[in-house]
Amino acid sequence: EGFFQKIGIYAHEGQKYEPEDSAQLSSYREDKSGQVLEEGINEAGAMSSWIAAATAYTNHDIEMIPIYIFYSMFGFQRVGDLAWAAGDSQARGFLIGATAGRTTLAGEGLQHQDGHSHLIASTIPNCVTYDPTFHYELAVIFREGLRRMHEKNENVFYYITAMNENYKHPAMPEGVETGILKGLYKLKPGGEHKLKAQLLGSGTILREVEAAAEMLEKEWKVSASVWSATSMNELAREGMAIDRENRLHPSDENKRCYVEECLDSQPGVVIASTDYIRLYAEQIRPWVKAPYCVLGTDGFGRSDTRERLRSHFEVDRYHVVVATLNTLAEDGQIAATVVDKAIKKYKINADAIAPVKG
């Protein structure tokens, strides 16, 4: 609604009535030259409108930057064929999957909670996807998208997920722009304890990962670095491309993919936790040399608080801590009894039905 007064809602006959909220600063406003298309519950129509604007650069010689904002669960899930058509017709623009993730939209049940849209989007070769957490990540991604689509004239379009949650956004660390765009960068270094871990997270779950790193440091003497994984899809695509290059140039020195460049020199086990099903983060397993544990939100959604949803799907800070300790135990670095102690300390029901089963 912040756009209503500034750029107006398109109405081919203009506004014919006085809105009930006309006295408010951000009141509803229709205009013949409005730039907001308010399609309502009409995903196919909205996506078709977006494709029309996203291909106007070639069909009408008019450069446009269409931005379609929708419930992420009702995007690729409902208009997947149109999303593929957008790629086939070389559309350029931004798709914003709002209220994304399986645990950020409390109280909406299984129908509205998205745990897999990034995987569906990954099947479209020219769809560039990101799951940012902080405002500066989003700004860097948008700027690069504009550069690629409207300066370099690349025929790609972007799918970016955004959450339905308020939290503090830090200032951008120095020198992270490349990592944001490639899909991974170190947000916080670990401490000096002998036991080490590398914790990967994205979306709102990155904040749970940050909290888990602090708990590991203070309560279990494990120093954990925190990594923001802005795009598992882009990491996997780059990894596959490097694998192919090495395979077809066997006499040349093998190149390393970006995941390897980031993690090969980092000590300790690697744990990934996102608000999507485990397959999303499993994509990068071939290039993670250290013991690698993936947490995700497999199973149907639930109507509950964010805290309880994250506990149910076992992606909250407590499960990240337990997963880290268990991976260290499996690697022979600590005793299994330490993991038992953590499970009891955090009152985790080890005999609960696995979320993936329902």
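Attention in this report is confined to the structure presented alongside it.

Across the sheet, five strands lie side by side as β7-β9-β8-β10-β11; this open sheet has mixed pairing. Either end of the sheet is taken by a strand with one partner, and the two such strands are β7 (185–188) and β11 (292–295). Ignoring strand direction, the axes of neighbouring strands in this sheet form an average angle of 30°. Where helix α9 (residues 205–220) meets the sheet, it contacts β7, β8 (195–201), β9 (222–228) and β10 (269–273), and its direction lies at approximately 165° from that of β9.

Moving on, we come to the environment of I205. Examined against the element boundaries, I205 turns out to sit in helix α9. Judged by its relative accessible area of 0%, I205 falls in the buried class. Taking the C-alpha atoms as reference points, I205 and A229, 24 residues apart in sequence, are found 10 Å from one another. What I205 contacts, discounting residues up to four positions off in sequence, is T103, S273, T274, D275, R310 and V315.

Attention now moves to the sheet that holds strand β3 (residues 67–71). Pairing in this open sheet of four strands is parallel, and the strands run β3-β4-β6-β5 from one edge to the other. The open sheet has two edge strands with one neighbour each: β3 and β5 (127–130). If you compare each strand with its neighbour and ignore which way they point, the axes differ by 20° on average. Relative to strand β6 (residues 157–161), strand β4 (residues 94–98) runs parallel, the two sharing four bridges. Across the sheet, the residue bridging to F94 is Y158, located in β6. Along the sheet, helix α2 (residues 43–54) makes contact with β3, β4 and β6, crossing β3 at roughly 160°. With respect to the sheet, helix α7 (residues 135–150) is in contact with β3, β4, β5 and β6, its orientation differing from that of β6 by roughly 170°.

What follows deals with the pairing of β11. Residues of β11 alternate between two faces, with Y292 and V294 on one and C293 and L295 on the opposite face, all of them buried. In terms of strand pairing, β10 meets β11 through four bridges, oriented parallel. Residue pairing in the sheet places V270 in a bridge with Y292 of β11.

A few words on the nonpolar core. Counting 51 residues, the largest nonpolar core has Y158, L199 and L325 as the members making the most contacts within it. Of the residues forming this core, the biggest block, eight residues, is contributed by α9. Every residue in contact with Y158, bar those within four places of it in the chain, is listed here: G93, F94, L95, V128, Y130, I141, E144, G145, R148 and M149. Counting residues in hydrophobic clusters, the runner-up holds 26 residues, among them A236, I277, Y280 and V288.

A word on the pairing of β6. Among the five residues of β6, five are classified as buried, and the element is accordingly described as predominantly covered. Burial along β6 is two-sided: F157, Y159 and T161 and Y158 and I160, pointing in opposite directions, are all buried. Where the polypeptide runs from β5 across α7 and back to β6, its parallel neighbour, the crossover connection is right-handed.

Let's shift gears to helix α10 (residues 232–248). Look at α10: 24 Å from first C-alpha to last across 17 residues, which is about the 24 Å you get at 1.5 Å a residue. Here α10 has its buried residues at M232, N233, E234, L235, A236, G239, I242 and N246.

A word on helix α4 (residues 76–88). If you check α4, its first and last C-alpha atoms are just 15 Å apart, much less than what 13 residues at 1.5 Å a residue would give, namely 18 Å. Along α4, the largest kink reaches about 40° and is centred on L82. What α4 keeps buried is the set F76, V79, A83, A86 and G87. Those residues of α4 that are buried lie in contact with α2, β4, α6 (117–121), β5 and β6.

Rules behind the numbers
- Residues numbered from 1 in each chain as written.
- Predicted model: local features only at pLDDT ≥ 70, side-chain atom pairs only at ≥ 80, totals over all residues.
- Heavy atoms only, no water.
- Pairing = 2+ DSSP bridges.
- Helix = DSSP H or I, 4+ residues; strand = E, 2+ residues; numbered from the N terminus.
- Axes fitted to C-alpha atoms, helices over the stretch in contact; angles between N-to-C directions.
- Contact = heavy atoms within 4.5 Å.
- Buried < 20%, exposed > 50% of the residue type's maximum accessible area, 1.4 Å probe, protein only.
- Core = buried A, V, L, I, M, F, W, Y, C linked by side-chain atoms within 4.5 Å.
- Right-handed = clockwise from strand over helix to strand, strands pointing away.
- Expected span 1.5 Å × (residues − 1).
- Bend = angle between axes of the 7 residues up to and from the residue.

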